[in-house]
Amino acid sequence: ADVRTYDFTVGWVNRNPDGQHERRVMAINGQWPIPTIHATVGDQVVVNFKNDLGDRPCSLHFHGLYMNGTTHMDGVAQSTQCPVPAGSVFTYSFNVTQPGTYWYHSHVDGQYPDGLRGPLIVRDPENPYADQFDEELVLTLSDWYHDEMPGLISSFLSVTNPTGAEPVPNSALMNDTQNLQIPVQPGKTYFIRIVNMAAFAAQYFWIEGHTFRIIELDGIYHKPTEAEQIYLTAAQRVGILLTTKNQTTDNFAVVGSMDQDLFDQIPDGLNPNVTSYLVYNKDAPMPNATDIEEFNPFDDTELVPTDEEALYEDPAVSYTIDVKMDNLRDGTNYAFFNDVTFVRPKVPTLYTVLTSGDLATNETVYGVNTHPLILSHNQVVEIVLNNHDPGKHPFHLHGHAFQVLHRGAEEGGDWDPEALRNGSVTYPATPMRRDTLLVRPNGNFVIRFRSDNPGVWLFHCHIEWHVDSGLILTFVEAPLQLQQQLNGKIPEDHFDACRAQDMPIE
Ligand code: C2O
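Thresholds applied
Residues numbered from 1 in each chain as written. Predicted model: local features only at pLDDT ≥ 70, side-chain atom pairs only at ≥ 80, totals over all residues. UniProt positions renumbered as here; feature names shortened; annotations may be inferred. Helix = DSSP H or I, 4+ residues; strand = E, 2+ residues; numbered from the N terminus. Rg over C-alpha atoms; globule rule 2.2 N^0.38 Å. Buried ≥ 20, exposed ≤ 12 C-beta atoms within 10 Å, placed from the backbone. Contact = placed C-beta atoms within 7 Å. Pairing = 2+ DSSP bridges. Axes fitted to C-alpha atoms, helices over the stretch in contact; angles between N-to-C directions. Core = buried A, V, L, I, M, F, W, Y, C linked by C-beta atoms within 7 Å. Arc of directions from axis to C-beta. pLDDT = per-residue confidence, 0-100. Domains from an automatic or database assignment. Nonpolar A, V, L, I, M, F, W, Y, C, P; charged D, E, K, R; others polar.

The protein chain has the name Laccase in an unreviewed UniProt entry, where Lithohypha guttulata is given as its organism. The annotation that UniProt attaches to the protein chain under Sequence similarities (unreviewed entry) is "Belongs to the multicopper oxidase family." Its UniProt record gives the protein chain a comment under Subcellular location (unreviewed entry), which states: "Cell membrane".

Spelled out as structure tokens, the structure:
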């Protein structure tokens, strides 16, 4: 195992990724798209992170990594650390134990869509599909805004937007550009790791004239399954095997198409698509994508993990959580889990765990609006999520992947346990696992995970607008074991960031 050290300074550069508008973006070491973090299973990753943004705090979160034993490196502002103030340095250090396709992004509310998001790839010396491909590629998808987030957020969360209409992206990007050319050779198989780093828009993805096999969801290998079109919500990753044709005359469009059902209104002239090209012959024409009327993506819940991990036993605890959007008395639209809209605590939740002794198992110490759910160690935890909103939401759990037992149909209403008893629904014997899952409009899902990873882990909608409007809760997992793990003390290297901004730690 190696130590992979990255020296990252975040600062501003100007870019025009969609060719329509130049703006400031958050770059790393003057580079944008920001660099990919590479590691191999077993490595230690060290990121010396310097904030040169000048006027705002920042952080890095490594999306999908379990951070086993290092919840204090999860990078969530006001949850696992004080955000890193402008002019300061913070060192992230953690071991990488999972292979697969991940990404990293700022986890200060609503910040990463200004550019601070990039792939994190963990190579696997024991990849079970290693002998089935010749080369690896990474493709990122993203929506893109011409305006900067702070201004968009303040008009989104205001009395002038009582319905909570989310700002609609100006365009879509692939590898932070458009009309990307992807050179390929005939008769070869490529392992393509696709990451949706969007603020908001899910994308349909397909390659004209080709099918492919899905083998990975959010870092978990699944049994190869043929598909023509997939759907990636914000924050999801899918790994596919693509075998190219035995020809060198034609090129083919590779299309990402933003799901316009998410948008309250569709602005004139919006092009929801980003098109790249699978280039077999650079002198041949680059074909346009054909228009699709009806999308029909592969349903991820049908996949089976390669390790065939069995359905976890009946849960020790099951939370039923409903989602809704509503106005508070100030006339602004907020998002709610069971009538609680998340408000960031003044003291990072992790520090409260570490300084409150036996009281750490008492949810009242964390404050109601942190929406703390306290988990005992090593239990099966179930979440039944009922979406009372007519919108789609991608839910993400930090610190874990979860088994997906059921996902209800659009407009199917709340989960009904009776369905299990009367046999109209059965749970899969080897459920699909991932870390970010779509719930359909007025639909539901049922997921399970094991509380085997003491830490402070958020569960939230990964649409950044809904992060800002409060669709977040906090799992405080095995707080007493967590105190032992961190010797009952706030890690020393966390103090500087808090002190530099006069932020309370107790
Ligand atoms: Cu991609 Cu809360 O994270």
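Now that the structure is up, let's keep going.
Enquirer: Honestly, the overall build of the protein chain in this entry has me stumped. Any pointers?
Expert: Helix and strand counts for the protein chain come out as six helices and 30 strands. The globule rule puts the C-alpha radius of gyration for 506 residues at 23 Å, and the 22 Å found for the protein chain is close to it. Structurally, the protein chain occupies a C-alpha span of about 70 × 60 × 55 Å along its principal axes. Going through the 506 residues of the protein chain one by one, you find that 47% of them count as buried. Sequence-distant contacts in the protein chain: of pairs separated by 6 or more residues, those separated by 24 or more amount to 81%.

Enquirer: How should the UniProt feature "domain: Plastocyanin-like" (unreviewed entry) in the protein chain be read in this particular structure?
Expert: In the UniProt entry, the feature "domain: Plastocyanin-like" (unreviewed entry) is given for residues 10-126, 135-282 and 343-479. Secondary structure content for residues 10-126 is 0% helix and 40% strand, and the end C-alpha separation is 34 Å. The span residues 135-282 is 5% helical and 47% strand by assignment, and the distance between its end C-alpha atoms comes to 19 Å.

Enquirer: Please clarify how the sheet that holds strand β11 (residues 181-183) should be interpreted in this entry.
Expert: In spatial order, the strands read β11-β19-β18-β13-β16; together these five strands make up an open sheet with mixed pairing. If you trace the sheet from one side to the other, it starts and ends with β11 and β16 (229-232), each paired once. Going from strand to strand, the sheet's axes swing by 20° on average, the running direction of each strand aside. As paired strands, strand β13 (residues 203-207) and strand β18 (residues 252-258) are joined by five bridges and run antiparallel to one another.

Enquirer: I keep staring at the nonpolar core and nothing clicks. Help me out?
Expert: Here is a general trend for soluble globular proteins: nonpolar side chains tend to be buried in one another's company. Judged by nonpolar contacts, the single largest core of 134 residues is most densely connected at Leu141, Ile194, Phe200, Phe205, Leu232 and Ile447. It is strand β29 (residues 455-461) that provides the largest number of residues to this core, a total of five residues. Sequence-distant contacts of Leu232, defined by excluding residues within four places in its chain, comprise Leu141, Ile194, Asn196, Ala202, Gln203, Phe205 and Val238.

Enquirer: Would you mind going over the pairing of strand β21 (residues 333-337) with me for this structure?
Expert: For a regular strand, side chains alternate in direction, first toward one face of the sheet and then toward the other. Counting buried positions along β21 gives five out of five residues, so the element sits mostly inside the fold. Every second residue of β21 is oriented toward a common face, with Asn333, Ala335 and Phe337 on one face and Tyr334 and Phe336 on the other, all of them buried. Sheet topology places strand β20 (residues 317-327) next to β21; five bridges connect them, and they run antiparallel. Across the sheet, the residue bridging to Asn327 is Asn333, located in β21. Adjacent in sequence and paired antiparallel, β20 and β21 are bridged by five residues, among which Gly331 carries a positive phi angle near 85°.

Enquirer: Got a minute to help me understand the sheet that holds β21 in this structure?
Expert: Either a parallel or an antiparallel arrangement is found when strands of a sheet pair, and the pairing is made through backbone hydrogen bonds. Taken together, six strands build an open sheet; the order of strands is β21-β20-β23-β28-β25-β26 and the sheet is mixed. Of all strands in the sheet, those bounded by a partner on one side alone are β21 and β26 (433-434).

Enquirer: Could you clarify how one ought to interpret helix α1 (residues 149-156) in this entry?
Expert: Owing to its 3.6 residues per turn, the α-helix aligns residues three or four sequence positions apart on the same side. Turning to α1, its buried residues number three or more, namely Met149, Leu152, Ile153 and Phe156. The buried residues of α1 occupy an angular sector of 100° when projected down its axis, which confines them to one face. Facing away from the buried side of α1 by over 90 degrees, the exposed positions are Pro150, Gly151, Ser154 and Ser155.

Enquirer: How should the confidence of the model for the protein chain be read in this particular structure?
Expert: Detailed reading of the predicted model is not advised wherever pLDDT is low. For the protein chain, the mean per-residue pLDDT works out to 97, and 100% of the residues sit at or above 70. Reported confidences for the modelled complex are a pTM of 0.98 and an ipTM of 0.99.

Enquirer: Could you clarify how one ought to interpret unusual backbone geometry in this entry?
Expert: Residues apart from glycine generally show negative phi values, whereas peptide bonds are mostly found in trans. Of the consecutive residues Trp32 and Pro33, the connecting peptide bond is found in the cis state with omega at 0°. Within the secondary structure, Pro33 is located in the loop between β2 (23-28) and β3 (37-40). Positive phi, close to 50°, is recorded for Ala478, a residue that is not glycine.

Enquirer: Looking at this structure, how should I read the domain arrangement of the protein chain?
Expert: You'll often see interface size given as the accessible area lost when the parts meet. Taken as a whole, the protein chain is organised into domain 1 (3-127), domain 2 (131-302) and domain 3 (317-500). Just the C-alpha atoms count here: the centres of domain 1 and domain 3 sit 23 Å apart. Considering only residue class, the side of domain 1 that touches domain 3 consists of nine nonpolar, twelve polar and two charged.

Enquirer: What is the right way to look at the environment of Leu141 in this model?
Expert: As for its position among the elements, Leu141 is in strand β9 (residues 135-144). For Leu141, a count of 27 C-beta atoms within 10 Å corresponds to the buried category. Along the chain, Leu141 and Val195 lie 54 residues apart, while their C-alpha atoms are 6.0 Å from each other. Residues contacting Leu141, with those up to four places away along its chain left out, are Met174, Ile194, Val195, Asn196, Met197, Ala198, Gln203, Phe205, Leu232 and Gly256.

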